[in-house]
Amino acid sequence: MNIRALAAQVVFQVLENGASLSTVLPQHQAQLSNGKDRALLAELSYGVMRVLPQLDNSVSQRLQKPFKNKQRLLHHLLLIGCYQLYFTRIPAHAAISETVEACRQLGFENLVKVINGVLRNIQRAEEPLETSNETLKYCFPGWMVKKLQAAYPDSWQQIIEQSQQRPPMWLRNNQRQQSRDSYLAQLNALEISATAGLTADAILLAQPTDVAVLPGFAGGSVSVQDQAAQWAATLLEPKNGDLILDACAAPGGKSCHILESADVRLVALDNDAKRLERVTENCQRLGLDATILCADAANIDASWQGEKFDRILLDAPCSATGVIRRHPDIKWLRKANDIDALQSIQAQILDHCWQWLKPGGTLLYATCSILPQENSQQIDAFVARTPDASLVAITASQQNSTTGWQILPGQDNMDGFYYAKLVKAIA
Ligand SMILES: C[S@@+](CC[C@H](N)C(=O)[O-])C[C@H]1O[C@@H](n2cnc3c(N)ncnc32)[C@H](O)[C@@H]1O
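Residues numbered from 1 in each chain as written. Predicted model: local features only at pLDDT ≥ 70, side-chain atom pairs only at ≥ 80, totals over all residues. Heavy atoms only, no water.

**A few points about the overall build of the chain**
Of regular secondary structure, the chain possesses 17 helices and twelve strands. Relative to a compact globule of 427 residues, whose C-alpha radius of gyration would be 22 Å, the chain shows 23 Å and is just as compact. When burial is assessed residue by residue, the chain has 52% of its 427 residues classed as buried. Long-range pairs, those at least 24 residues apart, make up 72% of the contacts in the chain between residues at least 6 apart in sequence. Approximately 19100 Å² of the chain is accessible, and the part contributed by carbon and sulfur atoms is 48%. Side chains of the chain give 39 positive and 42 negative charges; the mean places of these two sets differ by 6 Å. (Helix = DSSP H or I, 4+ residues; strand = E, 2+ residues; numbered from the N terminus. Rg over C-alpha atoms; globule rule 2.2 N^0.38 Å. Buried < 20%, exposed > 50% of the residue type's maximum accessible area, 1.4 Å probe, protein only. Contact = heavy atoms within 4.5 Å. Areas by Shrake-Rupley, 256 points an atom, 1.4 Å probe, with all protein chains shown as cover. Lys, Arg positive; Asp, Glu negative; His and termini not counted. Charge placed at Lys NZ, Arg CZ, Asp CG, Glu CD.)

Written out as C-alpha cells, the structure reads:
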C-alpha cells in the first residue's frame with residue numbers, strides 16, 4: 001500500500017481510536033520492506049502529531065462539509081497531504097499525486113476530485129495562517145498551555161518550543177561489556193559522531209542512527225535511552241548485594257541499567273504482562289537476570305512474600321508531559337482530567353511501596369512529567385503524611401527552591417523528568 005495511505009491509517013488510529021503512535025506505527029511499518037519508506041511513514045505520522053491544530057485548521061477551512069463515518073479516514077489523509085505541502089521538502093506535485101493515489105487505494109475513487117481540489121488550494125496558500133489562538137499558535141492543547149503557564153510563568157514558552165523539537169538520540173554504554181571511552185572510540189572509527197554525557201554511561205549521538213549500524217548493539221554493548229532516564233540508576237546508587245524493587249519496570253530500561261551498574265538482586269514488577277515481555281527481551285539481549293513479577297504496585301503483598309527491599313525505584317505511571325518531543329501524540333491522547341486520576345494512583349503506589357522498604361532504605365520516585373501536581377506537590381504531600389520519610393537533596397540539581405529535581409525538556413539535551421530521593425528512618 002502507498003505510504004500516504006498507511007500514514008492516514010496510522011493517524012486515524014491514534015486520533016480517532018486513542019491508540020498510541022509507538023504501538024501503531026511499527027505495525028504499519030512492518031508492511032514496508034524499504035528502510036527509506038519506513039522512515040517517511042514515521043516522518044509523516046510524527047509530523048502530523050507535532051503540528052496537528054495548524055493542519056486541521058487548514059484542511060477544515062477548505063472542506064465544504066466535514067467527512068463523516070467511514071470517510072473520516074480521508075480527513076486524516078488530507079492532514080498527511082497538508083503536512084507534506086507545509087512542512088516537508090517533498091515537491092508539491094509528488095505530494096499531491098501520491099496523496100490522491102492513496103485516496104484511490106483506500107477505496108474512495110469517487111472522492112479523488114475533492115482530495116485533489118483541497119490539496120491544490122492548500123498548495124496555493126503556501127503556509128499556515130498566522131493566528132493568535134493559543135492552541136493553533138503553539139500546537140499544544142489549551143489545557144496543557146494553561147498548566148504550564150501556571151507552573152512556569154517565566155519559561156513555559158521555551159518548554160513548549162523544546163517539546164516541539166525532534167529529540168536527539170542518547171545511548172547507554174553497557175559498562176559490563178566495555179568502558180564508555182572504548183565505545184566512543186569504536187563509534188569514532190565508524191565516523192559516527194558522538195560525545196560523552198553527564199552521567200557515567202551516557203553517549204549523545206550527533207545524528208539519530210539506525211541501531212543496526214551501532215557496533216555490538218545486538219550483543220548488548222549499548223542500549224537506546226535518554227540521559228534523563230539514565231539518572232535513575234545513578235541517583236538510586238545500587239550497591240552489590242542489594243535487593244532492589246523496580247516497581248513500575250516495563251519495558252525495563254531502568255531495570256537493565258541498574259543491573260549493569262552493580263551485582264544486585266532485582267525484582268522487575270509491572271501490572272502489564274505484555275509490556276513485561278519487553279523486560280525479558282531486554283534482559284536477554286544484555287545478558288542480565290531479573291525476577292519478573294506481574295503485579296499491582298499498589299498491592300504487592302498479594303504476589304510478593306519475600307523480604308523487604310534495600311532500594312526501590314518507583315518510575316510511576318504519569319502524564320508523560322516531559323517526553324512530548326519523543327511522543328507528540330501525548331498532546332492529543334492525554335486529557336485534562338487524567339492528571340487528577342494519575343496523581344491519585346501515584347500516591348497509592350507510593351504509600352504501598354513505602355511499606356516494602358527496609359528501615360534505612362532509599363526510594364527514588366521518578367516521572368517523565370513536568371507537572372508539579374505529579375512531582376513536587378505529590379512528594380510534599382507524601383512527606384507530610386509519612387513520618388518516617390525524609391528527602392535527600394539531589395546534588396546534580398542546582399534547584400533549591402522546590403522539592404526534588406525537575407529536569408525540563410531540552411535541558412542539557414535531555415527529556416523532561418522528575419526525581420525525588422527519599423530515605424526511611426531506621427528506628
Ligand atoms: C513510566 S513507565 C515505566 C518505564 C520503565 N521504568 C523503564 O524505564 O523502562 C510506567 C509503567 O508503570 C506500569 N504501571 C502502571 N500502573 C501500575 C500499577 N498499578 N502497578 C504496577 N505497574 C503499573 C505501566 O504498565 C508502565 O509500564
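**Comments concerning the domain arrangement of the chain**
With domains assigned, the chain is organised as domain 1 (3-135), domain 2 (169-224) and domain 3 (227-424). The C-alpha-based centres of domain 2 and domain 3 are spaced at 25 Å. Domain 2 puts 19 residues into the contact, and the matching count from domain 3 is 19 residues. Buried area between domain 2 and domain 3, summed over both chains or domains, comes out near 1600 Å², and the portion from carbon and sulfur atoms is 43%. Taken together, the links from domain 2 to domain 3 amount to two salt bridges. A salt bridge links Glu-260 to Arg-172; the nearest nitrogen and oxygen atoms lie 2.9 Å apart. Contributing elements (two or more residues each) for the side of domain 2 that touches domain 3: strand S1 (169-173), strand S3 (202-205) and strand S4 (222-224). (Domains from an automatic or database assignment. Buried area = accessible area lost by both parts, 1.4 Å probe. Salt bridge = Lys/Arg side-chain N within 4 Å of Asp/Glu carboxyl O.)

**A word on the nonpolar core**
Among the nonpolar cores identified, the biggest contains 51 residues, and Phe-140, Leu-148, Ile-258, Leu-266, Ile-407 and Tyr-419 are the most heavily contacted of them. Non-local contacts of Phe-140, meaning those with residues more than four positions away in its chain, are made with Thr-135, Val-145, Leu-148, Ile-160, Ser-163, Gln-164, Ile-324, Lys-331 and Trp-332. Counting residues in each nonpolar core, the second largest holds 49 residues, with Val-51, Leu-78, Tyr-83 and Ala-95 among its members. (Core = buried A, V, L, I, M, F, W, Y, C linked by side-chain atoms within 4.5 Å.)

**Describing the site of the ligand**
The immediate surroundings of the ligand are formed by 20 residues, with Asp-270, Arg-275, Asp-296, Ala-297 and Asp-315 found nearest. Contact between the ligand and Gly-253: an oxygen atom at 3.0 Å from a main-chain N or O atom of the residue. Between an oxygen atom of the ligand and a side-chain N or O atom of Arg-275, the distance comes to 2.7 Å. For the ligand, the protein covers 85% of the area, taking 600 Å² as the surface of the free molecule. Where the shell around the ligand is concerned, the elements lending two or more residues are helix H13 (253-261) and strand S6 (265-270). Among the residues making up the shell around the ligand, the classes are represented as eleven nonpolar, three polar and six charged. (Near = heavy atom within 4 Å. Polar contact = N/O pair within 3.5 Å; in protein donor to acceptor, adjacent residues only side chain to side chain. Nonpolar A, V, L, I, M, F, W, Y, C, P; charged D, E, K, R; others polar.)

**Side note on the packing of helix H9 (residues 142-151) against helix H10 (residues 156-163)**
At a minimum axis distance of 8 Å, the contact between H9 and H10 shows a crossing angle of 135 degrees. The orientation of H9 with respect to H10, classified from their angle, is oblique. Taking contact as the criterion, the partners of Val-145, Leu-148 and Gln-149 in H9 are, on H10, Trp-156, Ile-159 and Ile-160. Split by residue class, the contact of H9 with H10 holds five nonpolar, one polar and no charged. (Axes fitted to C-alpha atoms, helices over the stretch in contact; angles between N-to-C directions. Parallel < 35°, antiparallel > 145°, perpendicular 65-115°, else oblique.)

**Some words on helix H14 (residues 273-286)**
Side chains of residues three or four places apart in an α-helix project in the same direction, reflecting 3.6 residues per turn. Along its 14 residues, H14 runs 20 Å from first to last C-alpha, staying within 8% of the 20 Å computed at 1.5 Å per residue. Where H14 is concerned, the buried positions are Leu-276, Val-279, Cys-283 and Leu-286. Burial along H14 is one-sided: seen end-on, the buried residues are contained in an arc of 85 degrees. Looking at H14, the residues exposed on the side facing more than 90 degrees away from the buried face are Lys-274 and Gln-284. (Expected span 1.5 Å × (residues − 1). Arc of directions from axis to C-beta.)

**Looking at the side chain of Asp-329**
Of note, Asp-329 is situated in the loop between strand S8 (309-315) and helix H15 (330-333). Contacts of Asp-329, omitting those with residues within four sequence positions, involve Val-14, Ser-20, Leu-21, Ser-22 and Met-49.

**Here's the deal with the UniProt feature "binding site: S-adenosyl-L-methionine" (unreviewed entry) in the chain**
Mapped onto the present numbering, the UniProt feature "binding site: S-adenosyl-L-methionine" (unreviewed entry) falls at Cys-248, Ala-249, Ala-250, Pro-251, Gly-252, Gly-253, Lys-254, Asp-270, Asp-296 and Asp-315. Mapped onto the secondary structure, Lys-254 falls in helix H13. With residues near it in sequence (within four places) discarded, Lys-254 still touches Gln-225, Ala-229, Ala-232, Asp-246, Leu-313, Asp-315, Phe-417 and Tyr-419. For Asp-296, the location among the structural elements is in the loop between strand S7 (291-294) and S8. Leaving out residues up to four positions away in the same chain, Asp-296 has contacts with Leu-269 and Asn-271. (UniProt positions renumbered as here; feature names shortened; annotations may be inferred.)

**Points about the pattern of salt bridges**
The final tally for this structure, using the stated rule, is 19 salt bridges. For the salt bridge of Lys-358 with Glu-307, the shortest nitrogen-to-oxygen distance reads 3.8 Å. In this pair, Lys-358 is assigned in strand S9 (residues 357-367) and Glu-307 in the loop between S7 and S8, connecting sequence segments 51 residues apart. In this structure Glu-307 comes out as partly exposed when scored by relative accessible area, which is 41%. The shortest N-O distance in the salt bridge between Asp-415 and Arg-325 comes to 2.8 Å. A residue pair is termed long-range when its members are at least 10 positions apart, and Asp-415 in the loop between strand S11 (405-407) and strand S12 (417-424) and Arg-325 in the loop between S8 and H15 qualify at 90 residues. A single burial state applies to Asp-415 and to Arg-325, both of which are buried. Beyond isolated ion pairs, a larger network of salt bridges with shared partners links Asp-226, Arg-325, Arg-326 and Asp-415.

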